[in-house]
Amino acid sequence: SGEQSARFIANGAVELYYDNSKKIETTSYGIKTAPFQQLGTSGTATANWHIGSENDGSFRFYNGNYGAGTEVLRLKYDGDLSIANGNLVVASGHGIDFSANSHASGMSSETLDSYEEGTWTPTFFIGGNQATYSTGGQQGRYTKTGRLIYCQFIIDLATKGSGGSTSAVTIGGLPFTSTNDSGDRMNGVVTYLGAFTGLDTGGIVLYNTTASSSVYLYDAESTYTRTVKGENVENSSHLRGAIWYHC
């Protein structure tokens, strides 16, 4: 009833319409479509798409009109996916699957399903009693890649607190609880320390077993079995180090 369905233009172009609205047209560079409505917001299209550009055969998404918008994603002819502006967001429980790669015989997973980085607040306890800290004396950074946690810390004490002289020293507040696996352990090392007393010159190592968010300090003497105790700590003790474990 008077609605236009198609136009065939003398110079070779063709236009196709739906409900009297142009949806597809041929051009000198290929085919141009109307905005792909499913990419819109609240029913308003905010992106156009086109196939091929400069003869590279890529499939591209724009967040504006063709030729004037900003490219946000490109699926290349060789199979690579390029994101020009934005992040790759993966649903919870999913990740990047590396199963195409060869793997060791003990492999249990080939999916990278988590990455995170941030800060944490380390604590210093002698037995069940927490020390007090100087200004800026509790600093921590962490990176989580899959199940592997890597943490760094700075601890500067103002006072050692009321912990007993024979009570073990722990560093706590780690950002994730370690896995409950008898074949796994928490490990770490103190890279710098000052104002500790009665320790072997080998330094301090950090260790704990499973299902924990804290580590014990061990005097690095010949057997590595002597825990650092309250008697080794002074009011001005300070240390820096790193801890790594699985969650």
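None of these values were measured; they are calculated from a predicted model.

### Observations concerning the overall build of the protein
At step 1: Regarding its fold elements, the protein presents 0 helices and 21 strands.
At step 2: Sequence separation of 24 or more characterises 52% of the internal contacts of the protein that already satisfy a separation of 6 or more.
At step 3: Looking at the protein as shown, the accessible area adds up to about 14900 Å², and 49% of this sits on carbon and sulfur atoms.

### Examining the state of the cysteines
At step 1: Counted according to the given criterion, the structure contains 0 disulfides.
At step 2: Just so you know, Cys 151 is unpaired, no disulfide at all, and the nearest cysteine sulfur is the one on Cys 247, 9.9 Å from it.
At step 3: Of the residues examined, Cys 151 reaches a relative accessible area of 0% and is grouped as buried.
At step 4: Overall, the relative accessible area of 24% leaves Cys 247 in the partly exposed class.

### Observations regarding the pairing of strand β17 (residues 186–196)
At step 1: The pairing of β17 with strand β18 (residues 204–208) spans 4 bridges and is classified as antiparallel. When the sheet's bridge partners are listed, Val 189 is paired in β18 with Val 205.
At step 2: Direction of pairing for β17 relative to strand β21 (residues 233–246): antiparallel, over a ladder of 8 bridges. Bridging from a neighbouring strand, Tyr 192 pairs with Arg 240 of β21.

### Notes on the pattern of salt bridges
At step 1: Counted by the stated rule, this structure contains 5 salt bridges.
At step 2: Across the pair Lys 22 and Glu 15 runs a salt bridge whose closest N-O atoms are separated by 3.7 Å.
At step 3: A salt bridge links Glu 25 to Lys 22, with the shortest nitrogen-to-oxygen separation between them at 3.1 Å.
At step 4: With relative accessibility at 33%, the residue Lys 22 sits in the partly exposed group.
At step 5: Shared partners join several salt bridges into a network, and the residues in it are Arg 7, Glu 15, Lys 22 and Glu 25.

### Section: the nonpolar core
At step 1: If you look at the biggest cluster of nonpolar residues, it comprises 27 residues, and the most contacted ones within it are Phe 124, Ile 171, Leu 206, Leu 217, Leu 239 and Ile 243.
At step 2: Counting only elements with at least two residues in this core, the list comes to β12 (123–126), β14 (132–145), β15 (148–159), β16 (169–172), β17, β18, β19 (215–219) and β21.
At step 3: Residues in contact with Ile 171, not counting those within four places in the same chain, are Trp 120, Pro 122, Thr 123, Phe 124, Phe 153, Ile 155, Leu 206, Ser 213, Ser 214, Val 215, Leu 217 and Leu 239.

### Some remarks on the pairing of strand β6 (residues 59–62)
At step 1: Side chains Arg 60 and Tyr 62 of β6 all project onto a buried face; the interleaved residues Phe 59 and Phe 61 project onto a face where none is buried.
At step 2: Inspection of the sheet shows β6 paired to strand β7 (residues 71–75) by 4 bridges, in the antiparallel sense. Each bridged residue has a counterpart across the sheet, and for Arg 60 the counterpart in β7 is Arg 74.

### A closer look at unusual backbone geometry
At step 1: Notably, Asp 19 is not glycine yet its phi reads approximately 55 degrees, a positive angle.
At step 2: Tracing the sequence through the fold places Asp 19 in the loop between β2 (14–18) and β3 (21–27).
At step 3: On the basis of relative accessible area, Asp 19 is assigned to the exposed category, the value being 55%.
At step 4: Phi angles above zero are rare outside glycine, and Ala 211 is one such case at about 50 degrees.
At step 5: Tracing the backbone shows Ala 211 in the loop between β18 and β19.

### Details of a nonpolar patch on the surface
At step 1: A surface patch of nonpolar side chains, about 430 Å² in accessible area, is lined by Leu 75, Leu 81, Ile 83, Leu 88 and Val 90.
At step 2: Note that Leu 75 resides in strand β7.
At step 3: For Leu 75, a relative accessible area of 40% translates into the label partly exposed.

### Quick look at the environment of Pro 122
At step 1: Secondary-structure assignment places Pro 122 in the loop between β11 (115–119) and β12.
At step 2: Sequence separation of Pro 122 and Leu 174 is 52 residues, and the distance between their C-alpha atoms is 6.6 Å.
At step 3: Setting aside chain neighbours within four positions, we find Pro 122 in contact with Tyr 133, Gln 138, Gln 139, Gly 140, Phe 153, Ile 154, Ile 155, Ile 171 and Gly 172.

### A few points about the confidence of the model for the protein
Parts of the model with low pLDDT should not have their predicted coordinates read in detail.
At step 1: Here the protein averages 87 in pLDDT, and 87% of its residues register 70 or above.
At step 2: Segment residues 36–45 is flagged for pLDDT under 50; beyond a separation of four residues in sequence, or across chains, it makes 11 contacts in the model.

### Brief notes about the environment of Ala 211
At step 1: Taking the relative accessible area as the measure of exposure, Ala 211 reaches 43% and is therefore partly exposed.
At step 2: Those residues in contact with Ala 211 that lie beyond four places of it in its chain are Thr 177, Ser 178, Thr 179 and Asn 180.

Rules used throughout
Residues numbered from 1 in each chain as written. Predicted model: local features only at pLDDT ≥ 70, side-chain atom pairs only at ≥ 80, totals over all residues. Heavy atoms only, no water. Helix = DSSP H or I, 4+ residues; strand = E, 2+ residues; numbered from the N terminus. Contact = heavy atoms within 4.5 Å. Areas by Shrake-Rupley, 256 points an atom, 1.4 Å probe, with all protein chains shown as cover. Disulfide = S-S within 2.5 Å. Buried < 20%, exposed > 50% of the residue type's maximum accessible area, 1.4 Å probe, protein only. Pairing = 2+ DSSP bridges. Salt bridge = Lys/Arg side-chain N within 4 Å of Asp/Glu carboxyl O. Core = buried A, V, L, I, M, F, W, Y, C linked by side-chain atoms within 4.5 Å. Patch = residues over 30% accessible without salt bridge, like charges linked within 9 Å, V, L, I, M, F, W, Y side chains within 5 Å. pLDDT = per-residue confidence, 0-100.

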